[in-house]
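Below, each chain spelled out in residue letters.
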Amino acid sequence: MNPASDPSPRFLGLSPATAAILVIALMTAFRFFYCTWLPILPDEAYYFQWSRHLDASYFSKGPAVAYTIAAGTALFGGNNLGVRFFAVMLSAGTAWQIFLLARRWYDEVTALIAVLITGVVPIYALGAVVMTIDPLSAFFWIWAANLFSRAIQEKRLLDWLLTGFAVGCGFLAKYLNALELVAFLAFLLLLPSRRRMLLKPGFWGMLVVAVLCTTPVWWWNWQHGWVSIQQLAHRGQLNGPFVIHYATFLDFLAMQAVVISPLLFLALLATSVTVFTKRLAGKITPEDEGELLLLLLFLPVFLMYAVLAWHLRGEPNWPAVSYLTLIIIMAARWRQMLEMRARRGFIIAAFVLAWLQTFLMHDTEFLHLPQKMDPMGRVVGWSEIAAHLNELRGEQHADVFIADAYKEASVFSFHLPDKAFIYTLKHSPPSNQFDFWPGYPKEAPHRALWITGEPSTYALQSEFNTITFVERVVVSFHGKPFREYTIYLCENR
């Protein structure tokens, strides 16, 4: 007797699930290597300072990123690996959750395609090694989507409660994650067969758990005059008239095309429009439930930032989490299109272009980009300046450092051998987390080195008896001056 053949597709002799695990493992191994090579970014250094001052919440974000970095540095020390260890692990978890979610609503082949697409999207590939709020937000977003899918299918109370926990944890990383509850509510309202779940204990238990998880943020803000809400309104320019700027909206589309990859971005937009019009035109069947849920997890976030883009210039990573579920829908459609020779060429071109773009962006030296366009400019010069500051500290017998802004204070502190805390100039009202920490000492005798981007002593003239010019530090990038700072010795005798 011959053994029955396995009807499921094989990839190099592997099942789709095994192939997905292998792909994720290889990407993770490379990312661990790359994260130790890529210098720390200013934002990461800023969050590293948060991890040294653990609190219930912070000025602009919840506490999740601070505690995650604290856990990583407790394991591996205050270095690149310590800061970024959980960014890499969370990204691996996100990829596997994408596979599970796609398999739940489609099949394993579609799930593998979704993992492969996500792996070549530039913003995901590069963001996977950088410890900011985004790896946390993405993981909890897609995990919550998976748990919610299981909750509505298997109707277990535990899944509903875990969904609330995942959304709440995501909120502690990025407030945007609260919009996932809007998507879940819209899904239940749009499906008559699911509306009765709105009255079940599971749905309300999910909301209660989510709200309970967010209490550290509300408690901290209650103690600090609700500054996070004020900061969000200021950053979104919502405390003034909504003035429309066409240029900023075009910039938004252009930035999304770059960080997603142009052909992939067009394909994702086309997928969203196709599915949306299909949902409007026809009745939603049980077979369409997954597609509807995945679309609803995309629309609120993307549309919110698209509307804001008419008013202000945002950051390219803001709507990044919304594409995760849309990629799954696109993967299902691409699986069908791969059988059509006429459309197969576009899919291959889009995938190869995204992979090539991601590959080159890991080290842009080969591209010879202008200074302002080269993303590697964000990491250039910080360690060199910090090493020089450490030498000057000994020569000038300085007690502390003072910097103009949180970015310089954070990244110079990270690169100092002893990770000495660097103070900043205070702002009123507060503009960053340093404004909530103790200010620099002023009592005599006292000597401080002040690092400033402005060759002027005006900001500290009233604080010290004497302020003496020490030197001007210049860092070059692509053969031209790129970062320049003036260093002063400030004394109270």
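Just above sits the structure.
In this text the structure is predicted, and so the values were computed from the model without any measurement.

A. Main features of the packing of aromatic side chains. Applying the stated rule across the entire model yields 46 aromatic pairs. With 6.4 Å between their ring centres and 50° between their planes, Phe 30 and Phe 33 make a pair best called tilted. Separated by three residues within a single helix, Phe 30 and Phe 33 lie in helix α1 (residues 16-37), roughly one turn from each other. Using a relative accessible area of 39% as the deciding quantity, one classes Phe 30 as partly exposed. Between Phe 265 and Tyr 323, the ring centres sit 6.4 Å apart and the planes meet at 80°, which makes this aromatic pair edge-to-face. Of this pair, Phe 265 sits in helix α14 (residues 262-281) while Tyr 323 sits in helix α16 (residues 323-337), and the two are 58 residues apart along the sequence.

B. Representation of the pairing of strand β1 (residues 400-403) in the model. Here β1 shows a buried face lined by Val 400 and Ile 402 and a second buried face lined by Phe 401 and Ala 403. Sheet topology places β1 next to strand β2 (residues 422-424); three bridges connect them, and they run parallel. In the sheet register, Ala 403 faces β2, and the bridge partner there is Thr 424.

C. Region of the structure containing the sheet that holds strand β3 (residues 446-452). The strand order across the open sheet formed by five strands is β2-β1-β3-β5-β4, and the pairing between neighbours is mixed. What marks the edges here is a single partner per strand, and that holds for β2 and β4 (466-477). If you compare each strand with its neighbour and ignore which way they point, the axes differ by 25° on average. Alignment of β3 against strand β5 (residues 480-492), held across seven bridges, turns out to be antiparallel. Bridge pairing links Ile 451 to Ile 487 in β5. Strand contacts of helix α18 (residues 382-396): β1, β3, β4 and β5, with the helix running at about 155° to β4, the strand carrying the most contacts. Taken strand by strand, helix α19 (residues 406-415) contacts β1, β2, β3 and β5, and its axis lies near 180° from that of β2.

D. Layout of the packing of α14 against helix α17 (residues 341-361). Orientation of α14 relative to α17, taken along the N-to-C sense of each, is 130°, at an axis distance of 7 Å. In this view, α14 runs oblique relative to α17, as classed from their interaxial angle. In this structure, α14 uses Pro 262, Leu 263, Leu 264 and Ala 267 to contact α17, whose residues at the interface are Phe 346, Ala 349, Ala 350, Leu 353, Ala 354 and Gln 357. When the residues that make up the contact of α14 with α17 are grouped by side-chain class, the tally is nine nonpolar, one polar and no charged.

E. Highlighting the environment of Phe 477. Within the fold, Phe 477 resides in strand β4. For Phe 477, a relative accessible area of 9% puts it in the buried group. Considering only alpha carbons, one finds Phe 477 and Asp 374, 103 residues apart in sequence, at a separation of 9.9 Å. Beyond its immediate stretch of four places on either side in the chain, Phe 477 contacts Gln 371, Asp 374, Met 376, Gly 377, Val 380 and Phe 482.

F. Here's a closer look at the environment of Trp 218. You can see Trp 218 is positioned in helix α11 (residues 215-223). As a C-alpha pair, Trp 218 and Ser 57 span 161 residues in sequence and 8.4 Å in three-dimensional space. At 2.9 Å, the side chain of Trp 218 forms a polar contact with the side chain of Thr 214.

G. Focus on α19. Along α19, seven of the 10 residues are buried, which leaves the element largely enclosed by surrounding structure. All buried positions along α19 are accounted for by Glu 408, Ala 409, Ser 410, Val 411, Phe 412, Ser 413 and Phe 414.

H. Inspection of the packing of helix α7 (residues 133-154) against helix α15 (residues 289-308) at higher detail. Closest axis-to-axis distance for the α7/α15 pair is 11 Å, and the angle between their directions is 145°. Our pair here, α7 against α15, has a crossing hand that is right-handed. On the side of α7, the interface is formed by Trp 141, Ala 145, Phe 148 and Ser 149, while α15 contributes Leu 293, Leu 297 and Val 301. Tallied by class, residues from the contact of α7 with α15 come to six nonpolar, one polar and no charged.

I. Representation of the pattern of salt bridges within the structure. In this structure the tally under the stated criterion is 17 salt bridges. A salt bridge links Arg 335 to Asp 107; the nearest nitrogen and oxygen atoms lie 2.7 Å apart. Here Arg 335 is found in helix α16, whereas its partner Asp 107 is found in the loop between α4 (80-105) and α5 (108-120), with 228 residues between them in sequence. Between Glu 491 and Arg 493 there is a salt bridge, with its nearest N and O atoms 3.2 Å apart. Judged by its relative accessible area of 8%, Glu 491 is buried. Here Arg 493 falls in the exposed class, since its relative accessible area comes to 67%.

J. Geometry of unusual backbone geometry. Cis peptide bonds are those with omega within 30 degrees of zero, and the linkage from Ser 428 to Pro 429 qualifies with 0°. Here Pro 429 lies in the loop between β2 and β3. Even without being a glycine, His 397 presents a positive backbone phi close to 55°. Mapped onto the fold, His 397 is located in the loop between α18 and β1. Even without being glycine, Lys 419 reaches a positive phi, approximately 55°.

K. Up close: the pairing of β5. Here β4 runs beside β5; their pairing, made up of 11 bridges, is antiparallel. Residue pairing for β5: Thr 468 is matched across the bridge by Leu 489. Between β4 and the antiparallel strand that follows it, β5, lie two residues; His 478 among them carries a positive phi value of about 55°.

L. Region of the structure containing the side chain of Thr 358. Mapped onto the elements of the fold, Thr 358 is located in helix α17. Within the local environment of Thr 358, its side chain forms a polar contact with the backbone oxygen of Val 120, the two atoms lying 2.6 Å apart. Discounting residues that sit within four places of it in the chain, Thr 358 has contacts with Val 120, Val 121, Pro 122 and Ala 125.

M. Layout of a nonpolar patch on the surface. Side chains of Trp 218, Trp 219, Trp 222, Trp 226 and Ile 229 sit close together on the surface and give an oily, nonpolar patch of about 600 Å² of accessible area. For the nonpolar patch, the leading source of residues is α11, giving three residues.

Reading the values: the criteria
- Residues numbered from 1 in each chain as written.
- Predicted model: local features only at pLDDT ≥ 70, side-chain atom pairs only at ≥ 80, totals over all residues.
- Heavy atoms only, no water.
- Phe/Tyr/Trp six-rings, centres within 6.5 Å; stacked < 30°, edge-to-face > 60°.
- Helix = DSSP H or I, 4+ residues; strand = E, 2+ residues; numbered from the N terminus.
- Buried < 20%, exposed > 50% of the residue type's maximum accessible area, 1.4 Å probe, protein only.
- Pairing = 2+ DSSP bridges.
- Axes fitted to C-alpha atoms, helices over the stretch in contact; angles between N-to-C directions.
- Contact = heavy atoms within 4.5 Å.
- Parallel < 35°, antiparallel > 145°, perpendicular 65-115°, else oblique.
- Nonpolar A, V, L, I, M, F, W, Y, C, P; charged D, E, K, R; others polar.
- Polar contact = N/O pair within 3.5 Å; in protein donor to acceptor, adjacent residues only side chain to side chain.
- Left-handed = near helix turned anticlockwise from the far one by under 90°.
- Salt bridge = Lys/Arg side-chain N within 4 Å of Asp/Glu carboxyl O.
- Patch = residues over 30% accessible without salt bridge, like charges linked within 9 Å, V, L, I, M, F, W, Y side chains within 5 Å.
- Areas by Shrake-Rupley, 256 points an atom, 1.4 Å probe, with all protein chains shown as cover.

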